[in-house]
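Okay, here's what each chain looks like letter by letter:
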Amino acid sequence: MKLVTCGLPYANGKAHIGHLRTYVPADVYVRYLRLMGQDVLFICGSDCHGTPIVVNAEKEGISPKELVDRYHEHFQKIFRELGIEFDFYGRTDAEYNHRRTQEIVKRLIENGYVYAKEIELAYCPKCDRFLPDRYVEGICPYCGAIARGDECDQGCGRHLEPGEIKEPRCKICGSKAEFRKQKHYFFKLTAFKDFLIDYLENKLQGTENALNYARQWVKSELRDWCITRNLEWGVKFPGEDLVVYVWVDAPIGYISFTEEACKRKGLDWKEIWLNGEISDITHFIGLDIVYHHCIFWPAMLKGAGYSLPKAVVASGMVKVEGKTFSKTRGYVVWVEDDYLKAGFNPDYLRYYIVNYTSHEKDLNFSWKVFRDKVNNEIIATLGNFIYRVLHFAWKNFGRIEGKVDPVVIDKIAEIKDKIVSAINRWEFKEASDAFMELATFGNEFFQSSKPWDLIKEDRDKCMDVLASCIQIVKALVIFAYPVMPKTMSKLAEFLGFDIANARLEDALKPIESIELKKPFIPFEKVDDKKIEEMERVMLERIRRAEEAESGKELIDIKEFEKLDIRIGKILKAERIKGSKKLMRLEVDIGNEVRQIVAGIAEVYKPEEVVGKLVPVLVNIKPAKLMGVESRGMILAADVNGKPVLLHPDREVPPGSKIR
RNA sequence: GCCGAGGUAGCCUAGCUGGUUGGGGCGUCGGACUCAUAAUCCGAAGGUCCCGGGUUCGAAUCCCGGCCUCGGCACCA
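Because the structure is predicted, anything quoted here is derived from the model rather than measured. (Residues numbered from 1 in each chain as written. Chains lettered and ligands numbered in written order. Predicted model: local features only at pLDDT ≥ 70, side-chain atom pairs only at ≥ 80, totals over all residues. Heavy atoms only, no water.)

For the rest of this paragraph, the subject is helix α6 (residues 208-219). Under the 1.5 Å per step criterion, the end-to-end length of α6 is 16 Å for 12 residues, consistent within 8% with the ideal 16 Å. Burial in α6 covers these residues: N209, A210, L211, A214, R215 and V218. Those residues of α6 that are buried are in contact with α5 (193-203), β10 (205-206), α9 (290-304) and β15 (311-315). (Helix = DSSP H or I, 4+ residues; strand = E, 2+ residues; numbered from the N terminus. Expected span 1.5 Å × (residues − 1). Buried < 20%, exposed > 50% of the residue type's maximum accessible area, 1.4 Å probe, protein only. Contact = heavy atoms within 4.5 Å.)

Quick look at the structure:
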């Protein structure tokens with residue numbers, strides 16, 4: 001029995017195209033494996049714990065469970081509608097996962113891989129509780145920006161250790177927090193370094209993008225993981241008033257979901273998870289969680305005495321209309337609101353995702369490309385071939401009994417081999433290109449055989465041609481089924497065979513005789529108006545996002561007057577060591593020379609900004625960036641996140657006021 | 001900065017253990033056909049294989065240097 005899993009969607013937001021980038025190929029993979037005769041268990045579930053869920057639930061005034069329920073339902077619905085069929089879709093807050101997680105944590109403790117340590121944590125005296133991660137807000141000790149407890153998300157982006165944040169405040173009640181010591185538990189990840197190096201170099205299979213990242217990480221410094229948090233919501237850490245960190249109980253979902261799936265099917269989950277060193281387990285994940293799956297997870301499994309995964313397959317990133325996927329900036333396609341509600345066939349999106357490029361590379365989603373792929377590839381090549389054959393055969397004969405051309409059988413066999421080879425390398429584009437090649441072959445065969453002429457001259461010969469074509473149609477239905485299950489199962493039913501129990505080899509078995517009904521048009525065209533509408537929706541969203549980003553209300557001139565903006569002359573400039581973006585400048589602002597740190601080093605070289613006149617916000621609070629004090633802020637235009645400097649249109653004296 | 005991945009015609013790509021004219025798809029142009037959702041088929045145009053140097057009889061393919069793009073740099077879900 002082979003196990004295939006997908007990274008668990010976090011039950012904190014709706015499904016978008018980024019999710020599908022992992023789930024669709026995984027589903028396609030499983031369906032092909034089954035067509036290849038393999039026994040596969042396919043599982044997934046909702047990731048239900050963690051601080052963001054608790055914080056968001058509190059914000060909405062509902063319980064974490066209510067929030068999780070909502071998105072758990074949502075994801076199940078999306079998967080159902082897109083034909084992503086898990087054998088079991090669980091949730092990490094279920095009893096079975098709590099039980100398995102606690103069992104594994106106990107094993108880790110028994111085996112000596114967990115130790116306690118006192119650390120200083122932010123504590124809110126008013127709420128009377130410790131404040132984990134995102135419950136804290138304060139000042140970043142490095143750059144002075146407002147930061148979260150665990151990360152300076154708006155400023156320098158640094159990770160913050162517990163206790164590092166300055167002036168911590170409780171995010172719930174807003175009152176001042178203090179630091180208090182508390183005992184927490186750490187997982188001895190460092191003890192697994194040698195094991196991990198060997199595992200990643202010699203044992204784990206998968207896509208290069210995942211393996212290379214992981215190898216690089218494991219060779220640099222590993223640190224022990226703090227695996228406990230001060231929350232109510234989560235899996236209780238044995239014997240303490242703490243819960244385990246989400247990244248402990250989330251992957252354990254893979255195990256507990258397997259148990260549940262096996263229980264329902266009368267199988268033994270231990271054959272997968274407790275059968276020795278490496279087990280036939282394949283994890284499909286996004287690139288963002290490679291670390292957890294290739295480092296943390298195998299170490300945990302090893303430490304608790306469980307089997308290790310055989311392969312980790314990581315999908316590439318998603319872009320939307322050529323821009324980096326971003327929910328906040330509006331470059332996103334929501335599966336339900338944007339796609340399904342518009343009434344598009346889910347098979348189209350599945351085909352797009354699988355066929356756009358290889359699994360490891362970046363996938364760009366564009367509505368125009370979508371329209372072209374659907375209309376030119378799915379419909380014109382594949383759908384049209386199927387329909388023209390079925391329609392012609394039904395109209396002229398009704399029943400087809402003829403000899404299939406051996407050339408056709410050879411071609412089908414060739415395509416089948418291509419598909420098998422591609423699937424074994426997780427090359428889903430190659431597999432889908434292969435069946436499209438067969439459709440093109442079919443069109444060529446039909447065209448060059450001219451059955452519309454033959455029917456007038458030689459009905460038997462015409463019948464043979466159609467027998468060959470129907471053979472190709474059947475092969476196409478089987479070969480394309482994993483990518484487009486909805487439409488292909490309808491066609492299989494039309495042709496009178498059971499796709500659920502089909503094998504790739506069935507495509508080669510000649511159809512002796514077949515009775516045809518009136519065929520249906522398998523795919524509906526996507527029209528330009530609809531695409532324009534979709535693009536409008538997206539542009540509108542991007543525009544709104546930009547507006548929200550700038551988030552500007554109307555202000556009084558008095559407020560503007562608070563800003564002291566002057567022209568400064570850059571006297572000196574140098575890069576800041578260790579930083580990609582920052583440049584240290586000495587700027588003459590008229591009555592003094594200030595040291596200012598500016599994020600322009602990605603675009604400008606020091607020598608080209610020296611001597612330039614630029615606007616400077618003089619009365620901004622001083623801040624430290626990368627340890628260098630900055631007293632002022634260079635103003636520049638923001639073009640796609642990159643700075644463009646502004647210069648006065650004629651020479652003006654440094655210190656000139658801007659108003 | 002460090003570490004990955006990658007730069008092949010308007011777009012997506014194959015080739016990358018070096019060897020005849022760098023394949024394929026979409027788009028474009030011309031033609032043919034009419035069974036079919038103006039679908040299909042045939043043909044054509046289109047490439048400094050990022051740049052520079054090197055190794056070699058010979059490099060998109062190997063080596064060195066540079067430029068550019070994307071991503072990661074961790075207890076962030």
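Take the pairing of strand β14 (residues 281-286) next. Judged by how many residues are buried, β14 sits mostly within the fold: 6 of 6 residues are covered. Residues I281, H283 and I285 line one face of β14 and the alternating positions T282, F284 and G286 line the opposite face, and both faces are buried. Of the pairings in the sheet, the one linking strand β1 (residues 2-6) to β14 comprises 4 bridges and is parallel in character. Opposite V4, over in β14, you have T282 as the bridge partner. For the handedness criterion, the β-α-β arrangement of β14, α9 and β15 is classed as right-handed. (Pairing = 2+ DSSP bridges. Right-handed = clockwise from strand over helix to strand, strands pointing away.)

For the rest of this paragraph, the subject is the domain arrangement of chain A. Here the domain parsing of chain A yields domain 1 (2-112 + 189-315), domain 2 (114-187), domain 3 (366-515) and domain 4 (557-645). Put simply, the middle of domain 1 and the middle of domain 4, counted by C-alpha atoms, are 45 Å apart. (Domains from an automatic or database assignment.)

Attention shifts here to empty space enclosed by the protein. A complete count under the given rule lists 1 cavity of 30 Å³ or more for this structure. By volume, the largest cavity is sized at about 30 Å³. In terms of lining residues, the largest cavity is bounded by I400, V404, A467, I470, Q471, I511 and I514. Residue composition of the lining of the largest cavity, by class: 6 nonpolar, 1 polar and no charged. (1 Å grid on protein atoms, 1.4 Å probe; cavity = no way out; pocket = protein on both sides within 12 Å on 5 of 7 lines; lining within 4 Å. Points joined across faces, edges and corners; volume = space filled by probe spheres on them. Nonpolar A, V, L, I, M, F, W, Y, C, P; charged D, E, K, R; others polar.)

The next subject is the packing of aromatic side chains. For the coordinates displayed, the defined rule picks out 40 aromatic pairs. Ring plane angle 45° and centroid distance 4.6 Å describe the contact between F42 and F86, whose orientation is recorded as tilted. On the criterion of sequence distance, the pair formed by F42 in strand β2 (residues 40-46) and F86 in the loop between α3 (64-81) and β3 (88-91) is long-range, its members being 44 residues apart. Here the two residues F42 and F86 agree in accessibility, since each one is buried. Seen in terms of ring centroids, F88 and F257 are 6.1 Å apart; in terms of plane orientation they differ by 50°. Their pairing is tilted. (Phe/Tyr/Trp six-rings, centres within 6.5 Å; stacked < 30°, edge-to-face > 60°.)

Bringing the packing of helix α13 (residues 406-424) against helix α16 (residues 459-480) into the picture now. Working note: a packed helix pair is described by the angle between its axes plus the distance between those axes. The interhelical angle for the contact between α13 and α16, taken along N-to-C directions, is 10°, at an axis separation of 10 Å. Between α13 and α16, the angle is such that the two are roughly parallel. Only S468, Q471, I472, A475 and F479 of α16 make contact with α13, whose side of the interface consists of V408, I409, I412, I415, K416 and I419. Of the residues assigned to the contact of α13 with α16, the class counts are 8 nonpolar, 2 polar and 1 charged. (Axes fitted to C-alpha atoms, helices over the stretch in contact; angles between N-to-C directions. Parallel < 35°, antiparallel > 145°, perpendicular 65-115°, else oblique.)

Moving on, we come to the packing of helix α14 (residues 428-449) against α16. Orientation of α14 relative to α16, taken along the N-to-C sense of each, is 170°, at an axis distance of 10 Å. As judged from the angle between their axes, α14 and α16 are roughly antiparallel. The crossing of α14 and α16 is left-handed. Only V465, L466, S468, C469, I472, A475, L476, F479 and A480 of α16 make contact with α14, whose side of the interface consists of F435, L438, A439, F441, G442, F445, F446 and S449. Class assignment for the residues of the contact of α14 with α16 results in 14 nonpolar, 3 polar and no charged. (Left-handed = near helix turned anticlockwise from the far one by under 90°.)

Our focus in this paragraph is the pattern of salt bridges. One pass over the full model with this rule turns up 45 salt bridges. Of the charged contacts in the structure, one is a salt bridge between K341 and D337, with a shortest N-O distance of 3.2 Å. A relative accessible area of 62% places K341 in the exposed class. Since its relative accessible area comes to 33%, D337 is described here as partly exposed. For E515, the salt bridge goes to R399, with nearest N and O atoms at 3.0 Å. One end of the pair, E515, is in strand β20 (residues 514-515); the other, R399, is in strand β19 (residues 399-400), and 116 residues separate them in sequence. Sharing partners across several salt bridges, the network here consists of K14, K77, E81, E336, D337 and K341. (Salt bridge = Lys/Arg side-chain N within 4 Å of Asp/Glu carboxyl O.)

Before going further, it helps to spend a moment on the sheet that holds strand β18 (residues 363-365). Reading across from one edge, β17-β16-β18 is the order of the 3 strands in this open sheet, with mixed pairing throughout. Across the chains shown, the open sheet's two edge strands, defined by having one partner strand only, are β17 (323-324) and β18. Of the strand pairs in this sheet, strand β16 (residues 318-320) and β18 are connected by 3 bridges, and their pairing is parallel. Note that in β18 the partner of K319 across the bridge is N364. Sheet strands in contact with helix α1 (residues 17-35) are β16 and β18, and its direction is about 140° off that of β16.

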